[in-house]
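So the chains spell out like this:
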Amino acid sequence: MTEIQHIRNLLEDKIHNEYLERHIQKPIIHEGKLQILAELVFSCDSLSIIQKERFVITTMMVQMALDTHDLVPIGNEDNETKEEKLSKQLNVLAGDYYSGLYYYLLSEIEDVELIHTLAIAIKNINEYKMKLYYKEIETFETFMDVTKQIDSMLLVRVARFLHGDELSQVITEWLLTERLVHEKIGATANRTPLLVQWKEMNIDTSYKTGLNPIDSLIEKQLDKVDKALSQVPGKYAAFQSLIRKKLENMSFYQSSIVEEG
């Protein structure tokens, strides 16, 4: 946790921009992804401490750049105010700004393989986003899978780069589960909730989620996470422990919601 706090402080310092913060919301550091990424990187003995810090910071900078661009609405509204237009333009520029910082940090690392890994991840993520943008999706299951890939691709690529493919499935299933739980408790991190996003696509009206679709989806995802965890080799005990702890915390949140409801 001390390492994560140190990384978080470094990130906060690097993304600080007084002008941008006066006009648009400060980018959110995805805590769950930061924790997983830190575990993936700091457990890699072949890297120096400096390399580890730069790997985590650079990857999170990419994530924030992608997330910031996602805040820009598609299309223009006729009744947009001057302030709304400025905010939209600044979100685009802010995403570009964080991308620029990420390229600068990569140049300091001088690791061609990592640069290639992140570049491929960005390419894949944008390809999946285009599927959503052009509505090249016909079923709810495909929609969820595409969303899952967008949310996890960056960390999965880093995991493969450092550890091979043994952790990819857990990361992919867990991040979607975490997103669904956050949406259930109302913390969507400025992202359109998945079910709202699907409804707006207006494609497959035959999909039925029941009276409480989020609960049903979370239950299915928890089973997938548990199954994926059971297949993780014992040498990744610390990583397994991290996800297990997150599952315990998730159960606590869900129980609290039920009691309050």
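Residues numbered from 1 in each chain as written. Predicted model: local features only at pLDDT ≥ 70, side-chain atom pairs only at ≥ 80, totals over all residues. Heavy atoms only, no water.

### Comments concerning the overall build of the protein chain
Applicable threshold: The secondary structure listing takes helices from DSSP runs of H or I that are at least 4 residues long and strands from runs of E that are at least 2 residues long, numbered from the N terminus. Each residue's exposure class comes from its accessible area (1.4 Å probe, protein chains only) as a fraction of the maximum for that residue type: buried when under 20%, exposed when over 50%, partly exposed otherwise. Contacts: residue pairs with any heavy atoms within 4.5 Å of one another. Using a 1.4 Å probe, the Shrake-Rupley method yields the accessible areas, and only the shown protein chains count as cover for residues.
The number of helices and strands found in the protein chain is 11 helices and zero strands. Mapped in sequence order, the helices and strands of the protein chain form the string α-α-α-α-α-α-α-α-α-α-α. Taking all 261 residues of the protein chain together, 46% fall into the buried category. Sequence separation of at least 24 residues holds for 72% of the intrachain contacts in the protein chain that already meet a minimum separation of 6. For the protein chain, the accessible surface area stands at approximately 14300 Å², while carbon and sulfur atoms represent 51% of it.

### Points about the packing of helix 3 (residues 31-42) against helix 8 (residues 168-184)
Packed helix pairs are characterised by how far apart their axes lie and by the angle those axes make with each other. The condition that has to hold: Lines are fitted to the C-alpha atoms to define the axes, a helix being fitted only along its stretch in contact, and any angle between axes, read from their N-to-C directions, falls within 0 to 180 degrees. For classification purposes, an angle smaller than 35 degrees is called roughly parallel, one larger than 145 roughly antiparallel, one from 65 to 115 roughly perpendicular, and anything else oblique. Left-handed describes a crossing in which the near helix is turned anticlockwise from the far one by less than a right angle; the clockwise case is right-handed. Nonpolar residues are Ala, Val, Leu, Ile, Met, Phe, Trp, Tyr, Cys and Pro. Charged residues are Asp, Glu, Lys and Arg, and all others, Gly as well, are polar.
Where helix 3 contacts helix 8, the axes come no closer than 11 Å and their chain directions differ by 160°. Relative to helix 8, the element helix 3 lies roughly antiparallel. Where helix 3 crosses over helix 8, the two elements pack in a sense that is right-handed. Here Gly-32, Lys-33, Ile-36 and Leu-40 of helix 3 come into contact with helix 8, specifically with Ile-171, Trp-174, Leu-175 and Glu-178. When its residues are assigned to classes, the contact of helix 3 with helix 8 shows five nonpolar, one polar and two charged.

### A few points about the side chain of Thr-117
Test applied: Think of a polar contact as two N or O atoms within 3.5 Å of one another; within protein, one of them needs to be a possible hydrogen donor and the other a possible acceptor, and neighboring residues in sequence only count if both atoms come from side chains.
Residue placement: Thr-117 occurs in helix 6 (residues 112-133). A distance of 2.9 Å separates a polar atom in the side chain of Thr-117 from the backbone oxygen of Glu-113. Discounting chain neighbours no more than four positions away, the residues touching Thr-117 are Arg-157, Val-158 and Phe-161.

### Examining the pattern of salt bridges
Operational definition: Salt bridge, as used here: a side-chain nitrogen of Lys or Arg that lies within 4 Å of a carboxyl oxygen of Asp or Glu.
A complete count under the given rule lists nine salt bridges for this structure. The partner of Glu-31 in a salt bridge is Arg-8, with the nearest N and O atoms 2.3 Å apart. With Glu-31 in helix 3 and Arg-8 in helix 1 (residues 2-15), the pair connects residues that are 23 residues apart, well separated along the chain. Looking at Glu-31, the relative accessible area reads 31%, which means it is partly exposed. For Arg-8, a relative accessible area of 16% puts it in the buried group. Put simply, Glu-166 and Lys-235 hold a salt bridge, and the shortest N to O gap is 3.6 Å. Of this pair, Glu-166 sits in the loop between helix 7 (140-163) and helix 8 while Lys-235 is found in the loop between helix 10 (213-230) and helix 11 (237-260), placing the two residues 69 residues apart along the sequence. Taking the relative accessible area as the measure of exposure, Lys-235 reaches 63% and is therefore exposed. It is possible to trace a salt-bridge network through shared partners that takes in Asp-151, Arg-179 and Glu-183.

### Concerning unusual backbone geometry
Positioned with a positive phi, Lys-135 is a non-glycine residue whose angle comes to about 55°. Examined against the element boundaries, Lys-135 turns out to sit in the loop between helix 6 and helix 7.

### Quick word on the confidence of the model for the protein chain
Where we set the bar: Values of pLDDT, ranging from 0 to 100, describe the predictor's confidence in every residue of the model.
On average, residues of the protein chain score 82 in pLDDT, and 79% of them are at 70 or above. Across residues 256-261 the pLDDT falls below 50, and counting only partners more than four positions away or on other chains, this stretch makes two contacts in the model.

### Topic: the packing of helix 6 against helix 7
Contact geometry for helix 6 and helix 7: axes closest at 9 Å, N-to-C directions at 180°. Regarding the angle of helix 6 to helix 7, the classification is roughly antiparallel. The residues of helix 7 that touch helix 6, namely those facing Glu-113, Leu-114, Thr-117, Leu-118, Ile-120, Ala-121, Asn-124, Ile-125, Tyr-128, Lys-129, Lys-131 and Leu-132, are Phe-143, Val-146, Gln-149, Ile-150, Met-153, Leu-154, Arg-157, Val-158 and Phe-161. Across the contact of helix 6 with helix 7, the residue classes tally to 14 nonpolar, three polar and four charged.

### Points about helix 7
Residue pairs three or four apart in sequence face the same way in an α-helix, which turns once every 3.6 residues. Applied cut-off: Each residue after the first adds 1.5 Å to the expected span of a helix. We define the bend at each residue as the angle formed by axes fitted to the 7 residues ending at it and the 7 residues starting at it.
Along its 24 residues, helix 7 runs 32 Å from first to last C-alpha, staying within 8% of the 34 Å computed at 1.5 Å per residue. Its maximal kink placed at Ser-152, helix 7 deviates by approximately 55°. Burial within helix 7 is extensive, with 18 of its 24 residues counted as buried. Two residues or fewer after helix 7 comes Gly-164, characterised by a positive phi angle close to 85°.

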